[in-house]
Structures are given as C-alpha cells and as structure tokens.
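# What the coordinates show
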Amino acid sequence: MNPYRYGPCNYVDKTKFLLHDLCQLGVGNGRLATITIMAMVFMCSHPVLAEESTAEPVVTISPVQAASRIDGSLLSGDLLRIEVYDNPDLTLELRIPAEGPVQLPLIGAFSEIHGQTCESLAKLIEVRLGEFLTRASVTVIVKEYGPRSVYVMGGVAKPGAIVVEPTMPTTAMRAITSAGGLTEDADRHGITVLRRDRGGATEGLKVTSDDAGVFSDVTLKPNDLIMIPRLARVFVSGEVHEPGSVPVSSQLDLTISRAISVAGGFAKYARRNKVQL
C-alpha cells in the first residue's frame, strides 16, 4: 500500500482513505480490530489534526464567506491549450495578449477571449467552428496563469499591489492583512471594493463589520481596488480632560456633545454655556 497515493488532499481526508485501505487489508488476515485502532490513534494524535480542531480564526468572517468561489476569468498573460476533438490540426497553444484579438485556425481573428472562462470560451469557439465543421467539440485548459493582482489603498500599513494566487479565492480582509493590516486611523466601517466590469462601469461592494468585529467579507477578482478611508478628525481644545483630535467614523453622526465626551468630558472649571464651534 502506497501512503502517498492520496494526492494533495488534507490530513483529515488522507486519514479517512488510509482507514478504508487498512480495514480492507485487515479483513482477510483477522487483524481488523487492531488495524482499526491503530488508524484511529493516528487520526487523534496527529499534530496537524489536533491543530485543525483547536485553532481559532484571527478574523471572524460571516457565513456568507463560506460560499467563496475562485474567479475563473481568463486574463492577459494566461497560456491556453485549445483542443478540437478528432481534429488535431486545429489544436494550438496561445498566450492571451494584453489587448487585441488572437488568431484561431479556420476562424481567424477572435476578440472575445478576455474575461471568459475556459467553459464559456470553448462554447464560443464551438459556435464559430460550426460554420466549418459538422460537429465541433472544443476543450480549453490553462497551462500557465499570468500574474494577477489586487490593490489596497488608504488606511493600511503597506498600501499597493497584492499578488494573488489564481487557483485560490482571495478576500478583501486577506488582502488587507497582506498589506500589513489596518492602521489606527482606518475607518473600518467605510471599506469598499471597487470593481470595473467588462463594459467599463465601476461597482462598489461594501465590506461591513458589526460592533463585535464580525466582517461580511467580499471575494475579490483580479484588479479589484480596496479602498480604506481614514477617519476624519475634529479638534477639541480648552477645558476638557483630554484636548486634541477626535476621530469621526463615516457611519456615525458626531455632535459637539459627543466630541466633548470622547475628549474626556468637561474639566472642573469649564464654562459649559460658552462652548463655541
């Protein structure tokens, strides 16, 4: 039995497969009970499994995040292999250019490639090949992904571009963490993901958080821009306990009395009827 045949699955899945194989081996040899116990000990004592069962997340994400999906859009720099069943002369490899069409056998110039998925691109090519072939069956695979980035600007420690993994979903909060995390003056209630669609229109997606710090996160697409505004400030001076600047959240209405309260309240000799704005 080869313990490495289970591929890149996690330790929990590997343990389940191992337990299944061990049980099959033990049935014919009268060692089922012993082998089952050994497998269960392995499952309970493995340090990674113990870590998975006790670890707590650093950032709390709402249940919506469980539905995250990988964005499969094809972008410039991706290397594709396009195969047409039973027509090897039509098979080719091409790298998507930054702009402009690509050249396909029989079809010629093809400009609808950017932003498609492998599945949708295959269907488009099948339709175009239908002008030349009785029945075209097309397969498109990505042999190599081009670079993908998102951008984090505003109230983070290291604003700028964040390289993302094409085969794994990335969220706004993960990108913010990669950018060094939120600064002290970041407005946590004003985080917005700006996304431009294929038509050029820009959509704003809010990353909201409640008083308990639970974030309703946004799954990112390449070239998304995450904007974290900085808290505006007003200044309170005079007879208060803590004169200085007071942060103003985009989600809260700040009144004079609230600003004075945040500044520690009136001092002992303050003339409360002489407050000026």
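Heads up: the structure comes first, above all this text.
Right, let's walk through the structure included here. What you see as residue numbers is a count from 1 along each chain, following the sequence as written. Note on the predicted model: pLDDT of at least 70 is required for a residue's local features to be given, and 80 or more for side-chain atom pairs to be given and counted; whole-chain, interface and lining totals, by contrast, use all residues. Excluding hydrogens and water, the side-chain figures rest on all heavy atoms present in the structure.

### Things to note about the environment of His114
A helix here means a DSSP run of H or I that spans at least four residues, while a strand means a run of E at least two residues long, and both kinds are numbered starting from the N terminus. Topologically, His114 is positioned in the loop between β4 (108-110) and α4 (118-129). Sequence separation between His114 and Glu99 is 15 residues, and the spatial gap between their C-alpha atoms is 8.4 Å. Pairs of residues are marked as contacts when any of their non-hydrogen atoms sit within 4.5 Å. Excluding its chain neighbours within four sequence positions, the residues that come into contact with His114 are Leu74, Ser76, Ile96, Pro97, Ala98, Glu99, Gly100 and Arg198. Think of a polar contact as two N or O atoms within 3.5 Å of one another; within protein, one of them needs to be a possible hydrogen donor and the other a possible acceptor, and neighboring residues in sequence only count if both atoms come from side chains. Among the polar contacts listed, one links the side chain of His114 to the backbone oxygen of Pro97, at a separation of 2.7 Å.

### Overview of a nonpolar patch on the surface
Only residues above 30% relative accessible area that lack a salt bridge enter a patch, with like-charged residues linked at up to 9 Å and the nonpolar side chains Val, Leu, Ile, Met, Phe, Trp and Tyr linked at up to 5 Å. In these tables, accessible area is a Shrake-Rupley quantity obtained with a 1.4 Å probe, and a residue counts as shielded only by the protein chains included in the view. Salt bridges, as used here, are contacts in which a Lys or Arg side-chain nitrogen is within 4 Å of a carboxyl oxygen on Asp or Glu. Taken together, the side chains of Met153, Leu194 and Met227 make up a nonpolar region of the molecular surface, amounting to roughly 210 Å² of accessible area. Looking at the element boundaries, Leu194 is found in strand β8 (residues 192-196). On the basis of relative accessibility, which here comes to 31%, the residue Leu194 falls in the partly exposed class. Think of it in three bands: residues with accessible area under 20% of the maximum for their type are buried, residues over 50% are exposed, and the middle band is partly exposed, with areas taken using a 1.4 Å probe on protein chains only.

### Focus: the sheet that holds strand β1 (residues 79-84)
In space, the 3 strands of this open sheet follow the order β2-β1-β5, with antiparallel pairing throughout. Each having just a single partner strand, β2 (92-95) and β5 (138-144) make up the two edges of the open sheet. Averaged over all pairs of adjacent strands, the angle between strand axes in this sheet comes to 25°, irrespective of strand direction. Pairing of β1 with β5, which is carried by 6 bridges, proceeds in the antiparallel orientation. Within β5, the residue paired with Val84 across the bridge is Val138. For every element, the axis is a line fit to its C-alpha atoms; helices are fit only across the contacting stretch, and the angle between N-to-C directions ranges from 0 to 180 degrees. On top of the sheet, α4 reaches β1 and β5; it is set at about 135° to β5, its chief contact. By the convention used here, strands pair only if DSSP detects at least 2 bridges between them.

### What about the sheet that holds strand β7 (residues 160-163)?
If you trace the 5 strands from one edge of the open sheet to the other, you get β7-β6-β12-β8-β9, paired in mixed fashion. Among the strands making up the open sheet, the edge pair consists of β7 and β9 (202-206). Across this sheet, the average inter-strand angle for adjacent strands is 25°, counted without regard to direction. Pairing analysis gives 4 bridges linking strand β6 (residues 149-154) to β7, with the strands arranged antiparallel. Counterpart to Val152 in the pairing with β7 is Gly160.

### Let's talk about the side chain of Arg148
Examined against the element boundaries, Arg148 turns out to sit in the loop between β5 and β6. Here the side chain of Arg148 touches Asp78 through a polar contact of 2.7 Å, side chain to side chain. A polar contact of 3.2 Å, which involves the side chain of Arg148, links it to the backbone oxygen of Gly146. Beyond its immediate stretch of four places on either side in the chain, Arg148 contacts Ser73, Leu74, Leu75, Asp78, Ile162, Val163, Val164, Pro166 and Pro222.

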